[in-house]
Amino acid sequence: MSSTSRAFNLLQKCYIPSFKAPMRSTRRSLGFTPGINGMRSSSICFAHELLSPIGKIVKDGGKRSTAVLSHSPKEEKVLNNQGVGAFQKLPMIMPAIDILSSAQRKARNVSPTKGIANIAKRERNKAAKQLDTLMKELAVPLRTYIENFPNKKYLHPYECSLIELTFGDGNYEQILGRVDSLRKKLISVGKEHASLCAQNFIQDKCLPWQSSTKREAEERLGEGLKKVQEAFNQGKNALDDLLYVAKSLRAMPVIDPHLPTLCLVGAPNVGKSSLVRILSSGKPEVCNYPFTTRGVLMGHIMLNYERFQVTDTPGLLRRHEDDRNNIERLTLAVLSHLPTAVLYVHDLSGDCGTSADDQFFIYKEIKEKYSNRLWLDVVSKCDLLEDSSTSACISNELDRYKAFGPEGAIPVSVTSGMGIEELKAKVYQLLLSQMTQIPAQEG
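With an unreviewed UniProt entry as reference, the protein is termed Nucleolar GTP-binding protein 1, source organism Rhynchospora pubera.

Listed below in structure tokens is the structure:
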């Protein structure tokens, strides 16, 4: 057999990872990869299994290849019409330590390719395959996470607001970007050291950096495993942050925009949560201190076999809209992006910590801003109010508000049960009216 044939056979037996961009997979794509700042992108991976199968390969000046995503008009229409509920479809994120342990275990179990008689060559082959396996087992889960976290560009505006208000503007994309950077780093380091381990004899001569003995191959493997693990540990905080994001988003209540929804609004500690407990199946925390409700809480009402939603929202303080904190802005997000009817709760007893004057100005601002909403006013804690019958002739709007609340408001007391049945009847009527408006709003 000629020396050329021997060299060719040897190259076939020895495992050599390629530094070239892999061929496109024939597997059909199931999704898209969200990129940073809302742009769709796909990252080239050196391993065949890591390459996103969507799109086409475009040469970039002959130096590298970039995968460009493309969607058909039908796919774009689907992506642009996603409803709420994306947070419940998030992938389960494994802790970083579990991903690393699983990858190391699978890499250790990799055997060399059969048929390699030379011990040193067989050890090089085994080392290269183990490093490549470790790299894939670490990088593939990261790619899966990135592909299955929603792109804010295609989320419902309400869910997009929840992300921004919960994590801060741009932080969601930044965390996904850090995870993708870790994936790319693992691929780069893994491929580099797998290639060094797999370097072949060429014409029966060994170059200085190549492994000529089994021991040298083992040392090269140990060094490669150490480098890959170091790269993973340096970036694993991104995985911890992604795990926190997934848990936080998955815990958020799902609001169906196609169901009539009643949103309770008012200053902090005015009794919204107590009314939610009475009106619906929701069981929010009820305490006598401001901002008990720090997120949007959900309950449901069943009426004549119809299901309605009730949301308890954080309280609003008297201040300019630009000065509101993220807790208050959650309330405005519900009112702005969901087709809700409003049950505005007033507390004129002085027990809530927000003066009646401040409540009046908050109420006027919200009522003017969301004047197109179906609206119902209720004055809570009426058992604590003094008799205002002598103030019937008050003409000043603010003074009249401080005595009676807005015109047509229902006085109620959760403690004594006063006005509760009347409130329930009015709420049901309001939700039935909301049901007839939703199809028109969707159209």
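**Description of the overall build of the protein**
Scanning the protein from terminus to terminus reveals 12 helices and 8 strands. The 443 residues of the protein split such that 48% are buried. Considering only contacts in the protein between residues 6 or more positions apart, those separated by 24 or more positions represent 73%. Roughly 22,800 Å² of accessible area belongs to the protein as shown, and the carbon and sulfur atoms make up 51% of that amount.

**Digging into the environment of His346**
You can see His346 is positioned in strand 6 (residues 340-347). By relative accessible area, His346 is classed as buried at 0%. When neighbours within four sequence positions are excluded, His346 is seen to be in contact with Gln359, Tyr363, Asp377, Val378, Val379, Ser380, Tyr401 and Pro406. Within the structure, His346 has its side chain in polar contact with the side chain of Asp377 (distance 3.1 Å).

**Considering the environment of Asn269**
Note on placement: Asn269 falls in the loop between strand 3 (261-266) and helix 8 (272-279). Residue Asn269 is classed as buried on the basis of its relative accessible area, which comes to 14%. A C-alpha to C-alpha distance of 9.9 Å links Asn269 and Leu316, two positions 47 residues apart in sequence.

**With respect to helix 9 (residues 326-337)**
With 12 residues, helix 9 extends 16 Å from end C-alpha to end C-alpha; this agrees with the ideal 16 Å at 1.5 Å per step. Here helix 9 has its buried residues at Glu328, Leu330, Thr331, Leu332, Ala333, Val334 and Leu335. Where helix 9 is buried, its residues meet helix 5 (157-167), strand 3, strand 5 (306-312), strand 6 and helix 10 (356-369). At the N-terminal end of helix 9, a side-chain oxygen is found 3.1 Å from the backbone nitrogen of Ile327, two or three residues along, and the residue is Asn325.

**With respect to the confidence of the model for the protein**
Per-residue confidence for the protein gives a mean pLDDT of 78, with 73% of residues at or over 70. Considering only residues more than four positions removed or in separate chains, one finds that residues 3-81, a stretch of pLDDT under 50, has 143 contacts. Overall, residues 201-210 carries pLDDT values under 50, and its contacts beyond four positions in sequence, including any with other chains, amount to 15 contacts.

**Regarding the sheet that holds strand 3**
Strand order in this open sheet of 6 strands is 4-5-3-6-7-8, and the pairing throughout is mixed. A strand with exactly one partner marks an edge of an open sheet, and here the two such strands are strand 4 (297-303) and strand 8 (410-411). Pairing between strand 7 (residues 375-380) and strand 8: 2 bridges, direction parallel. Across the sheet, the residue bridging to Val378 is Ile410, located in strand 8. In this fold helix 9 packs onto strand 3, strand 5 and strand 6, with an angle of close to 145 degrees to the strand it touches most, strand 3. Lying over the sheet, helix 10 contacts strand 6 and strand 7, oriented at roughly 170 degrees with respect to strand 6.

Here is what the cut-offs are and how they apply
- Residues numbered from 1 in each chain as written.
- Predicted model: local features only at pLDDT ≥ 70, side-chain atom pairs only at ≥ 80, totals over all residues.
- Heavy atoms only, no water.
- Helix = DSSP H or I, 4+ residues; strand = E, 2+ residues; numbered from the N terminus.
- Buried < 20%, exposed > 50% of the residue type's maximum accessible area, 1.4 Å probe, protein only.
- Contact = heavy atoms within 4.5 Å.
- Areas by Shrake-Rupley, 256 points an atom, 1.4 Å probe, with all protein chains shown as cover.
- Polar contact = N/O pair within 3.5 Å; in protein donor to acceptor, adjacent residues only side chain to side chain.
- Expected span 1.5 Å × (residues − 1).
- pLDDT = per-residue confidence, 0-100.
- Pairing = 2+ DSSP bridges.
- Axes fitted to C-alpha atoms, helices over the stretch in contact; angles between N-to-C directions.

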